[in-house]
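Structural overview
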Amino acid sequence: MSLMSTSHTVLRSILRVIPRSNKCVVKSFSCYSSVPAALSIPAQQQHAVRPGHRLAAPLLGHSCLSTSTKLLPCGCCGIHNSGRQQKSNSSGESTILEFLDKEIKYEVQKQKSWSDKVGDFKVETNGAEIIFSKKSSSGEEILVTVNVNNAVDAAPSFGKDSNDHQENNDEIEDMACQPSFVVDMKKDGKTLSLTCSFTDDSMPQDNGEFSASVDSYADLITIDEVCIHDGEWKDKNYHVSTAIMDEQLYDNLIRRLEDQGIDDQFINNMVEHCTAYEHSLYLKFLKDLQSYIKL
């Protein structure tokens, strides 16, 4: 008996065990491409198959076409699901997840708490933004607004000179969040806005050393711009750079900040609060990234 004749006989035997009413035959056959005419379903057996569908050679050995007529609950022989595999992490994802697991455990140990008050200032947060607010004794509304994004660097070594810092440069440095901030003093519909930042002395230089010995963060702040405006800030508002400001006027503005509670203690507490809050955002970022990779 020739090979073609044998295949033809096998197909006839297969089709005889499949109930005429079983729609799985149609579904199963439809996912295969056409085969040579010699393997076509004989005309007398085509009542079980939609016209135009033919059996492909791989179907001959498929387990669903055995002597048992029991089919899968889905009404299909299962071959549609044969290419579906459970998601597995690539080597790159596995490496990231392994790192994140260690990093999260390490950062959790360093986590610090913060309160909803800093001195007599109330603290509100919104994403990366923090607002410190209070009412002064004279009735002015004082707002200090900071954004902790891109504001973290090595903390200054207070009370130590650059040689002390260099001797300990092998140790893991503490990090501090030293953001620029805007102080708004509001009264009678008018707002005095002072844009402040930390000086270069608060940041390590290229060689890892600090350029000056300081005793507190308050020694490191400077007023950059000053503006008086009505209502909310607008880009068209005129502001004055302190680079061209009279030194006596600048000193008076510094004292004005101190009179409203923006003093040494507040600046130090603000940096500590910003550092703890920024770290909590970083920890949340790590956990969110871990969850995303696992999707």
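It should be emphasised that the depicted structure is a prediction, and the values quoted were computed from it without experimental measurement. (Residues numbered from 1 in each chain as written. Predicted model: local features only at pLDDT ≥ 70, side-chain atom pairs only at ≥ 80, totals over all residues. Heavy atoms only, no water.)

Although it is not a glycine, N150 sits at a positive phi angle of roughly 55 degrees. A relative accessible area of 86% places N150 in the exposed class. At D188, a residue that is not glycine, the phi angle is positive and equals roughly 50 degrees. Within the element layout of this structure, D188 appears in the loop between β7 (181–187) and β8 (190–198). Here D188 falls in the exposed class, since its relative accessible area comes to 78%. (Buried < 20%, exposed > 50% of the residue type's maximum accessible area, 1.4 Å probe, protein only. Helix = DSSP H or I, 4+ residues; strand = E, 2+ residues; numbered from the N terminus.)

Given a rise of 1.5 Å per residue, 20 residues ought to cover 28 Å, and the 29 Å separating the end C-alpha atoms of helix α3 (residues 91–110) matches this to within 8%. Listing the buried residues of α3 in full gives L97, L100, E103, I104 and E107. Seen from one end, α3 has its buried residues packed into an arc of 140 degrees, which puts them on one side. Opposite the buried face of α3, by more than 90 degrees, sit the exposed residues S91, T95, K102, K105 and Q109. Those residues of α3 that are buried lie in contact with α6 (264–294). (Expected span 1.5 Å × (residues − 1). Arc of directions from axis to C-beta. Contact = heavy atoms within 4.5 Å.)

Below, the discussion takes up the side chain of H279. When you line up the elements, H279 lands in helix α6. H279 has contacts with E107, K110 and Q111, leaving out every residue within four places of it along the chain.

Across the protein, the average pLDDT comes to 74, with 59% of residues at or above 70. Contacts for the low-pLDDT stretch residues 20–41, under 50 throughout, to residues beyond four places or in other chains number 53 contacts. Throughout residues 43–75 the model reports pLDDT below 50, and contacts reaching past four residues in sequence, or to other chains, amount to 54 contacts. (pLDDT = per-residue confidence, 0-100.)

This part covers the nonpolar core. Grouped together as the largest cluster of nonpolar side chains are 38 residues, with contacts concentrated most on F132, V144 and F181. When residues in this core are grouped by element, the largest group, six residues, is from α6. Ignoring sequence-local partners within four residues, the contact set of F181 consists of V144, T145, V146, L194, T195, C196, F198, I221, I267 and M270. (Core = buried A, V, L, I, M, F, W, Y, C linked by side-chain atoms within 4.5 Å.)

This part covers the sheet that holds strand β9 (residues 221–230). An order of β1-β2-β3-β4-β7-β8-β9-β10 is seen for the eight strands of this open sheet, with the pairing classed as antiparallel. Edge strands, defined here as strands with exactly one partner in the open sheet, are β1 (117–118) and β10 (240–241). Summarising the sheet, β8 and β9 pair through nine bridges and their orientation is antiparallel. Considered in β9, the bridge of F198 is made with I221. Across the sheet, helix α5 (residues 247–259) lies against β7, β8 and β9, angled at about 85 degrees from β9, the strand it touches most. α6 contacts β1, β2 (121–126), β3 (129–135), β4 (141–147), β7, β8 and β9 of the sheet and is inclined by roughly 145 degrees relative to β3. (Pairing = 2+ DSSP bridges. Axes fitted to C-alpha atoms, helices over the stretch in contact; angles between N-to-C directions.)

Let's shift gears to the pattern of salt bridges. Summed over the entire model, instances satisfying the criterion amount to seven salt bridges. With a closest N to O distance of 2.8 Å, D230 and K190 form a salt bridge. With D230 in strand β9 and K190 in strand β8, this pair connects stretches of sequence that are 40 residues apart. On the basis of relative accessibility, which here comes to 45%, the residue K190 falls in the partly exposed class. (Salt bridge = Lys/Arg side-chain N within 4 Å of Asp/Glu carboxyl O.)

Overall, the coordinates contain five aromatic pairs when judged by the stated rule. Geometrically, the ring pair formed by F132 and F266 is edge-to-face, given 5.7 Å between the ring centres and 85 degrees between the ring planes. You can see F132 sitting in strand β3 and its partner F266 sitting in helix α6, a full 134 residues away along the chain. Note on F132: relative accessible area 0%, which makes it buried. Taking the centre distance of 6.4 Å and the plane angle of 65 degrees together, the rings of F181 and F198 count as edge-to-face. Pair noted here: F181 is in strand β7 and F198 is in strand β8, with a separation of 17 residues, a long-range link. With respect to class, F181 is no different from F198; both count as buried. Each residue in the set F121, F132 and F266 is aromatic and connected to the rest through ring pairs, giving one cluster. (Phe/Tyr/Trp six-rings, centres within 6.5 Å; stacked < 30°, edge-to-face > 60°.)

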